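These are the residues of each chain, in order.
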Amino acid sequence: MKAKNLKIYIITVFAAILAFTSCTKDLDTVPLDEDVVTSASVYDNPASYRLVLAKLYAGLAVSGQEGPHGNNDLSGLDEGFGQYLRALWYAQEIPTDEAIIAWDDGNLRDYHEQDWSSSNEFITNMYYRIFYQISLCNEFIRESSDAKLDERGISGANKTEIQTYRAEARFLRALSYWHALDMFGNVPFVTEDDIVGSFFPEQISRADLFEYIESELLAIEDLLMAPMVNEYARADQGAVWMLLAKLYLNAEVYINTAKYTECITYCNKVNSAGYELEPTYENLFLADNHNAKGIIFPVAFDGIHTKTWGGTTFIIHAAVGGTMDPAEFGIDGGWGGLRTTKQLVGKFLNVDNLKSTSLNLKTVADYPLLYVPGAHQGWDPSNTNTVLASVNSDGNYEGYLYFADADNQFKYTDGPTWDVNYGDTGADGTLEQNGDNIVAGDAGYYKLNVDLNGLTHSFMKTDWGVIGSATPDGWDSDQDMTYDVDSSYWTIIVELSAGEFKFRANDGWDLNYGDTGADGILEAGGDNIAIADPGKYEIKLKLGAPDYTYTIEQFSSDGRIMFHSDGQSLEIAEVFEFTEGYAVTKFKNVTSGGVIGSDLTFPDTDFPVFRLADAYLMYAEAVLRGGTGGDAATALSYVNALKERAYGDQNGNITAGELTLNFILDERARELLWESHRRTDLVRYGRFSNTDYVWAWKGGVAEGRSVDSRYDLYPIPASDICANIKLVQNPGY
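These figures come from a predicted structure and were not determined experimentally.

This part takes up the overall build of the chain. When helices and strands are tallied, the chain shows 20 helices and 29 strands. Restricting the contact set of the chain to residue pairs at least 6 apart, pairs at least 24 apart contribute 68%. Of the accessible surface of the chain, which amounts to about 26,700 Å², a share of 47% is contributed by carbon and sulfur atoms.

This is the structure in structure tokens:
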């Protein structure tokens, strides 16, 4: 489906050249078997360099030589769990307020509990993925030097093109070394200048690695193509500038030296390079996001050519579960894993004003049911979406159904078959077995009641609204709600004051609902529902079959609010229950035109590693932290540009006084949610480990707790400490 020029070629001959074992002492090896194809024969052909370059890019996207699994590049962990981007996503998102996962595989739970050790297999996999990728890049860089090309007689246009490839490989190596610097600190260090063979790499200090990455990026800056000139998903100068800006923004963490001026310098290069903000935020995360503006460097995926159980396959599938419809996400099924925390939701909405009332309620399956087949659902008595329920198990059934057409005909059955069915011969309100079809009136939303004891029934068309001292017109008149056929909710966005309200039908009191006991279940004539704080709210009413429920959420027109709350609790009492915690609906395998990707299992959706919005926010933060070369007015304009895109107008814009570091941290969470930035951001702000800022299940307790500052860095895996006598473990592990 995607018009991507750089195809992902998986070549087994290259993998044979770069055997990799469980220890980084074997970072650079070549086969000794004379029958194995070696680098000499691979690199003699100028065309092979492009194929090998594709393998370097593929190292971020796939896990082995046979997508989606089989012939894994690394051993020791399932290929889905072990893919580079998925491993990075775990390490950057699950230990933060942005994500929590419902799976209890191995020691995966250590991430959100922030209590990992040096033997954690997921951290170990991330470490080895980084260094495997570095080893691939080292080999290519070594074999594409000018001396090697001259030795092989490669010259002219071929040589020039390969020199560009080599600069891209150096960028990819710098990217992985940045991941190592950011997550592991002092790490083993190997470049193309080290001898090929088995040896113990020296450990480089964090400060020296910072300097190396910086020098590499500065050296290749002018060797790469200008922004937006290279093929899609290949590195260019814009990618280098973004990585330099990232490096400098976090310099105080890495080397205890501020480099905010340098960060501004490279943000300015990005911001003046001709990139534009994609006008529609959600387009950045869809199956055709290769067409979206403002993505500077992505990891590319394609449902046909880059099949993997990691990458966006994981992000999209794992985020779908509960009452979510996989078809809306362009996939064949959800994995019921990823959600977010109350604290992250609070970056968008005032969680103190959220009233979620669909928790721990009975389902229709808990009650005796009466089925309602008819023209509205294809005359299918087995369809449990069109049922009435007897909440008291006394033969009296009730529920609501939507009839899209006038004069809809239907009947009742006492089970999911036609064996016992009831109609109304004569339309007199009396039911007869095998009686005539019942005919409703106008199209609309109907309340149906059936008494099987007396064999009577009734139905009434309803329209719903809210009324009360909290609503704009008080108790004098209703605020009309709108019925959404797709979600089966009645909804309204309304400005409420402190006070009370109820739901009522048809602008009258004959049928109204309140919430007696504030237990989340609506009762006919029940108690008024209290609103403590004034503000704009979105109210949803869910009728259908009992129990009848509702939600009240503070409303924001921020288009980046992509949560699924139907059937999801805001609080997380049980980590391994998908329906606890709001689901995130940001990434989808559906195009901006509503077309499903090329494969229902493996999405076409690319993952944006760097994009323009991040450069805007880095610029603003660096200005606030005292960097020179920028100004507060420009910083404010960048932030408000993101706000205007999110809100569709200027209603979300902030003032100069509101532009603070705390605001920037929260805005990064809003703009860059689930894009693998959060751990790094929280560490930079001193809010990741030893801090008063906590979130659900941080530290292994429901309310969250502070943990030791050693968790700001991941440990060097115990396997590598044992294998390499030159390595020293990070403090505290």
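So that's the structure; there's more coming.
So, about the packing of helix H16 (residues 612–624) against helix H18 (residues 661–671). The N-to-C vectors of H16 and H18 enclose an angle of 170°; their axes lie 10 Å apart at closest approach. Accordingly, the angle class assigned to the pair H16 and H18 is roughly antiparallel. Along the contact surface, H16 presents Ala613, Asp614, Leu617, Met618, Ala620, Glu621 and Leu624, while H18 presents Leu661, Ile664, Glu667, Arg668 and Glu671. Its residues assigned to classes, the contact of H16 with H18 comprises seven nonpolar, no polar and five charged.

Tracing the backbone shows Leu541 in strand S25 (residues 535–542). The spatial distance from the C-alpha of Leu541 to the C-alpha of Met481 is 8.9 Å, given a sequence separation of 60 residues. Not counting residues within four places of it along the chain, the set of residues in contact with Leu541 comprises Trp464, Met481, Ser488, Tyr489, Trp490, Phe503, Leu522, Thr549 and Tyr550.

A few words now on the side chain of Glu221. Looking at where Glu221 falls in the secondary structure, it is placed in the loop between helix H10 (206–220) and helix H11 (237–249). Within the local environment of Glu221, its side chain forms a polar contact with the side chain of Lys269, the two groups lying 2.5 Å apart. In this structure Glu221 touches Gln237, Val240, Trp241, Tyr266 and Lys269, once residues within four positions along its chain are discounted.

Right, let's get into the environment of Gly153. One can find Gly153 in the loop between helix H8 (146–151) and helix H9 (156–184). By relative accessible area, which is 57% here, Gly153 ends up exposed. Through-space distance from the C-alpha of Gly153 to that of Gly581 is 61 Å; in sequence the pair is 428 residues apart.

Put simply, Pro546 and Asp547 share a cis peptide bond, and its omega is 5°. In this structure, Asp547 sits in the loop between S25 and strand S26 (549–554). At Trp379, a position not held by glycine, the phi torsion is positive, near 55°. Within the secondary structure layout, Trp379 lies in the loop between strand S7 (369–371) and strand S8 (387–389). The phi angle at Trp697 is positive, at roughly 70°, despite the residue not being glycine. By the secondary structure assignment, Trp697 is in the loop between helix H19 (678–684) and helix H20 (718–723). We classify Trp697 as buried; its relative accessible area is 15%.

So, how was this worked out
- Residues numbered from 1 in each chain as written.
- Predicted model: local features only at pLDDT ≥ 70, side-chain atom pairs only at ≥ 80, totals over all residues.
- Heavy atoms only, no water.
- Helix = DSSP H or I, 4+ residues; strand = E, 2+ residues; numbered from the N terminus.
- Contact = heavy atoms within 4.5 Å.
- Areas by Shrake-Rupley, 256 points an atom, 1.4 Å probe, with all protein chains shown as cover.
- Axes fitted to C-alpha atoms, helices over the stretch in contact; angles between N-to-C directions.
- Parallel < 35°, antiparallel > 145°, perpendicular 65-115°, else oblique.
- Nonpolar A, V, L, I, M, F, W, Y, C, P; charged D, E, K, R; others polar.
- Polar contact = N/O pair within 3.5 Å; in protein donor to acceptor, adjacent residues only side chain to side chain.
- Buried < 20%, exposed > 50% of the residue type's maximum accessible area, 1.4 Å probe, protein only.

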